[in-house]
Amino acid sequence: MAALTEHLRHVNSSTFAPEDLEAARDNVVVFHGIGGIGKSTLSRKFEASLADPGQRPAQWGAPVWGGARLLPIRIDLARSANPDFEKVVLSVRLALAAIGRPLPAFDLALRRYWEHQHPGDPLEDFLNRGGLAARFGKALPQQMQSALADVAQALLLPGTVGSAIGQVTGALVGALRERRQTVRALAGCVRLADLLEGEPDLDSLSYYPHLLAWELARIPAAKKVTPVILLDGFEEIGDRTHRDFERLLQRLVWLMPNAFFVITGRSRLQWADEALQGQLDFTGPAAWPGLVAHDIP
């Protein structure tokens, strides 16, 4: 996969800045075609070969990305009769638990979102009930609890430590807005305060992947991991008249420039088309140079 090799070169260069929200994105490839030609099979094969090089088909040749650590995360949008952006975000975060370290900026925002949107339904119970914990493991709740307790202690709010493990309190979030610089793990996250100020709704959730990108960029080089997120069955997110879900997924791709996305679906991804301006947040060939349609002579 030449595109993945180039992506790894780009994100490991000294000029790469995951916080840059204006730079063009070239972190996505698309395979499209009519139903039944093997797109999902190809997606599953990519996932298997990235997880275990021994399953890489011989005709693909040897991988050329050296010792780069890749984390495949495959999300089948066709498995659900009603694809859910919440589940997409949770699937990505659950898979990243394999890194083995808390991601406090994202986890704090996610916990606040969840408690506002799902009062009385603990995130841990939802993960177990929906089967996500069984698929991706159960490390997330422990990592999240550790991150929130560390933040409360750093803010010198010992009375909230116990409650922070079960819920993000107003005191914790409010203190963090005012004294983020005292929390070493979050001091450099310049957009965290703004994201915590916003109403914790689905629209806000779609901007939280920026926090994941920031967290991934902070991982020491020796432990750095590159997520390869495979979105299969992209046609299931809706038609081309109603692009609400597509807008959320596009933000996920745009706000995680250090992740690589492989999208499979029945139709060409139109993000580089100028005609979509106003329907999606990021459109045109300057935004997505790799998605420009080329006429076949």
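Here, the structure is the one placed above.
Visitor: Provide a residue-level description of helix 1 (residues 2-11), including the pertinent values.
Guide: When helix 1 is considered as a whole, its buried residues turn out to be L4, H7, L8 and V11. Take helix 1 and look down its axis: the buried residues cluster within an arc of 100°, on one side only. Elements that come into contact with the buried residues of helix 1 comprise helix 2 (39-51), strand 2 (70-76), strand 3 (226-232) and strand 4 (260-265).

Visitor: Describe the pairing of strand 4, with residues and values.
Guide: Counting buried positions along strand 4 yields six of six residues, so the element is predominantly enclosed. A two-sided burial pattern is seen for strand 4, the buried positions comprising F260, V262 and T264 on one face and F261, I263 and G265 on the other. Sheet analysis places strand 1 (residues 28-32) next to strand 4, joined by five bridges and oriented parallel. If you follow V29 over to strand 4, its bridge partner there is V262.

Visitor: Account for the side chain of Q250, naming residues and giving values.
Guide: Along the chain, Q250 falls in helix 13 (residues 244-255). Here D281 takes part through its backbone nitrogen, which lies 3.4 Å from a polar atom of the side chain of Q250. For Q250, the contacting residues outside a window of four places in its chain are W271, L280, D281, F282 and W288.

Visitor: Lay out the side chain of E246 in plain terms, naming residues and giving numbers.
Guide: The residue E246 is located in helix 13 in this model. A polar side-chain atom of E246 sits 2.7 Å from a polar atom in the side chain of R243. Beyond its immediate stretch of four places on either side in the chain, E246 contacts F234, I237, L269, W271 and L280.

Visitor: Go over the packing of aromatic side chains, please, and point to the residues and values.
Guide: In the structure shown here, the tally under the stated rule is seven aromatic pairs. Residues F31 and F46 carry aromatic rings whose centres are separated by 5.7 Å and whose planes lie at 45° to one another, so their mutual orientation is tilted. Linking F31 in strand 1 with F46 in helix 2, this pair joins segments that are 15 residues apart in sequence. Take F31: its relative accessible area is 31%, and that puts it in the partly exposed class. With a centroid separation of 4.9 Å and 50° between ring planes, the pair formed by W271 and W288 is classed as tilted. Note that W271 is positioned in the segment after strand 4 and W288 in the segment after strand 4, a separation of 17 residues in sequence.

Cut-offs used in this document
Residues numbered from 1 in each chain as written. Predicted model: local features only at pLDDT ≥ 70, side-chain atom pairs only at ≥ 80, totals over all residues. Heavy atoms only, no water. Buried < 20%, exposed > 50% of the residue type's maximum accessible area, 1.4 Å probe, protein only. Helix = DSSP H or I, 4+ residues; strand = E, 2+ residues; numbered from the N terminus. Arc of directions from axis to C-beta. Contact = heavy atoms within 4.5 Å. Pairing = 2+ DSSP bridges. Polar contact = N/O pair within 3.5 Å; in protein donor to acceptor, adjacent residues only side chain to side chain. Phe/Tyr/Trp six-rings, centres within 6.5 Å; stacked < 30°, edge-to-face > 60°.

Interpretation in functional terms is not warranted from these geometric data alone.
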